[in-house]
Amino acid sequence: MFDLEQAKKDALEFLQRTLTISELTDDEKELAEFEIARPVWEIRTEYFQPNGSVRPVKLYAAIPTDFPLLMPEMYLAEECMAEIGFVPHINAIGSICLYDATSLTLDTSRPGEVVKLAVERAIKIIEDGVAQNNTGDVTDEFVAYWSERYGPDDKHERGLNMVAGSEPAVDSLKIIVLDKKYRGFGFILHDGSEDFEIFKGFLSEAKYTFKEHPAFYLGLSGMISPPFRLSNGDISLFIEREFKSRARDFDRFLEQVFSSTYLIFSIKIGENVSFFGWHLPFVNCYRPGFRTGSLKPLRVLATFQKNYFPLRMIMEEYTTSRLQRRTAGVMAPNRYKFAFAGVGSIGSNLIPYMLSLETSQISLIDFDILTIENINRHLLGMSHVNEDKVKALKHHLQANNPLLKVDTYKSSVIEVINKRPNILNDSDFIIVSIGINNVEEYIAQALAESELTKPVLFFWVEPYLMGGHCIYLTPEHKVNFKELFKNGLYRYNMITSETYGDQDAQIKLREAGCQTSYVPYGRQSITRFLSAIMPTLYDLIDAHSTVDLAISWRNSDKVIDGLGIKLSELGNTTKEYEVQVNNL
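Residues numbered from 1 in each chain as written. Predicted model: local features only at pLDDT ≥ 70, side-chain atom pairs only at ≥ 80, totals over all residues. Heavy atoms only, no water.

Caption draft 1: Spatial organisation of the packing of helix α1 (residues 4-15) against helix α4 (residues 111-130). At a minimum axis distance of 7 Å, the contact between α1 and α4 shows a crossing angle of 60°. The angle between α1 and α4 places the two elements in the oblique class. Once α1 is placed against α4, the crossing between them reads as right-handed. Contacts between α1 and α4 involve A7, D10, A11, F14 and L15 from the first element and P111, G112, E113, V115 and K116 from the second. (Axes fitted to C-alpha atoms, helices over the stretch in contact; angles between N-to-C directions. Helix = DSSP H or I, 4+ residues; strand = E, 2+ residues; numbered from the N terminus. Parallel < 35°, antiparallel > 145°, perpendicular 65-115°, else oblique. Left-handed = near helix turned anticlockwise from the far one by under 90°. Contact = heavy atoms within 4.5 Å.)

Caption draft 2: A look at the side chain of H384. Tracing the backbone shows H384 in the loop between β15 (359-365) and α13 (389-400). If we skip the residues at most four places from it in the chain, H384 touches L370, A392 and H395.

Caption draft 3: Structural view of α4. Across its 20 residues, α4 extends 29 Å between first and last C-alpha, which sits within 8% of the 28 Å expected from 1.5 Å per residue. Of the residues making up α4, those classed as buried are P111, G112, V114, V115, A118, V119, A122, I123, I125, I126, D128 and G129. Looking at the packing, one finds that the buried side of α4 touches α1, β2 (40-48), β3 (54-62), β4 (73-76), α3 (78-84) and β5 (95-96). Looking one or two places after α4, you find Q132, whose phi comes out positive at around 60°. (Expected span 1.5 Å × (residues − 1). Buried < 20%, exposed > 50% of the residue type's maximum accessible area, 1.4 Å probe, protein only.)

Caption draft 4: Spotlight on the side chain of D388. Following the sequence through the fold, D388 ends up in the loop between β15 and α13. Using a relative accessible area of 16% as the deciding quantity, one classes D388 as buried. For D388, the side chain forms a polar contact with the side chain of K410, separated by 3.0 Å. Apart from residues lying up to four places away in sequence, D388 is in contact with D368, I369 and K410. (Polar contact = N/O pair within 3.5 Å; in protein donor to acceptor, adjacent residues only side chain to side chain.)

Caption draft 5: Representation of the sheet that holds strand β14 (residues 336-341) in the model. Taken in spatial order, the eight strands line up as β16-β15-β14-β17-β18-β19-β22-β23 in an open sheet, and their pairing is mixed. At either end of the open sheet lies a strand with only one pairing partner, and these are β16 (405-409) and β23 (579-583). The average undirected angle you get between the axes of adjacent strands in this sheet is 15°. Summarising the sheet, β15 and β16 pair through five bridges and their orientation is parallel. Note on β16: the bridge partner recorded for L364 is T408. Those strands touched by α13 are β15 and β16, and its axis lies near 170° from that of β16. Here helix α16 (residues 437-448) sits on the sheet and contacts β17 (429-432), β18 (456-461) and β19 (467-473); the angle it forms with β18, its principal contact strand, is near 165°. (Pairing = 2+ DSSP bridges.)

Caption draft 6: Examining the packing of aromatic side chains more closely. Within this structure, the stated rule accounts for 39 aromatic pairs. Ring geometry for Y217 versus F275: centroids 6.0 Å apart, planes at 55°, classification tilted. Taken together, the residues Y217 in strand β10 (residues 215-220) and F275 in strand β12 (residues 272-280) connect sequence positions 58 residues apart. A relative accessible area of 2% means that Y217 is categorised as buried. For F275, a relative accessible area of 3% gives the class buried. One aromatic cluster is present, formed by F142, W146, Y150, F228, F238, F243, F265, F276 and W278 through successive ring pairs. The positively charged end of K180 is found above the aromatic ring belonging to Y208, 4.8 Å away from the centroid. (Phe/Tyr/Trp six-rings, centres within 6.5 Å; stacked < 30°, edge-to-face > 60°. Lys NZ or Arg CZ within 6 Å of the ring centre and 35° of its normal.)

Structure follows, in structure tokens:
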């Protein structure tokens, strides 16, 4: 390991050979609004203007604690910013965006060269900006420039954009304003999409109230240039220049609005359309000396209210398509709907695995509440004890992803099959984690008789989770589910039938005073079981497989050491943590 402090000293000595460079004192750093604890170097150098002449420039290099593992942050001095004006990649406080840090590999053995590289890149950005060689970069970074603060009194209003990234119809956009901010967002731009309707339902259940607010969408704009601290007068000129054909419609709109309003426009960035705008104050067209109706709102904005600076709307896109782009990089070919019958220890822990398949909707069916004794292996914990499992899971899941549609049914799955089978049949796959053989037989029979029309996955586990099992049955299956069991014991069990019949074997336990026994197994075993079989299940689901399968997993011998539990023939021939797949 090398000495980070020595690397800073070596870099400074190296640069002093070729550059005019000095370290700022604490007072100088405070005056320039830098963090006192970090070294900041003032660098005086030059850049070329388009005509070939040389101009002096002053830069600051703020040295990170982890230098030279990380590159210095470069800043353009305030007096130089005033001279140079706005150029791409330099923000309102002079910070220069040098490189994408995640794609940059630095030679840490030459710390002086690391700073030199940063200085050279900063000079190149300045020269390209002054020569207007990189004006097209404004488009790619428009969102960042729009979000900048261009002075201490430049203010934003943050909200969510729930419009998918394509050009909407001019009259399709709406704004709702929340009575209290949700995670710092005070309004939502939407076009009535499914994502918005799901999110609105989530907000209502979370006790947020909101109301629709007047909004006007101008349309798709060409590129406009920073800085973006614009007054009403600037905005009226922008409308006349970019949206002359919409100016009259905007006047008519404002004449009917007796409150503040949101004015929105869009810009195409890459393949997507992004939205921007302002929260305009009420436009007062009633002025002494003017006939009623003679003053038009745009004229008022351009004259009487021209020096007012409205809040700029900063909108974070929150759509399923955007989230998929920023995670998988592409839109998922399928968005699945799952119905879960039974959301106990196994069923609840299955949910996160299925959500990784870009799930759009889940239905949760269970009549039970969460009790204390189950929280050590359930997806939920103490904060949801004595709540209905289905409602508690919905709250938990939508708190993490409000765009997930979650339907809950506090009911037995048998009642659902008999009275509302569409709840199950509207899903793509039905996941059963009940562990009661008679109930599972009933479900399999409903599938065989076409009362259920979607593939069913049955999950259950053996004591100590020595074996974990899944049966995958398709609607066309010819399998006699009952014949897979003999005296209630599964043919692919990892534990012998003799052990199950041995009254002294510790395969079921009972607490003092408890009238019912329980099957022991821990959270680690659940994780090992589910993570081991998931690749097989993902392949089945993605292919919508029509092959009926029995999938079994074997745990480690360590979980049953000293318990007198014997393994079946399959258990003895299957390796620890191995998955067995058998056609049915």
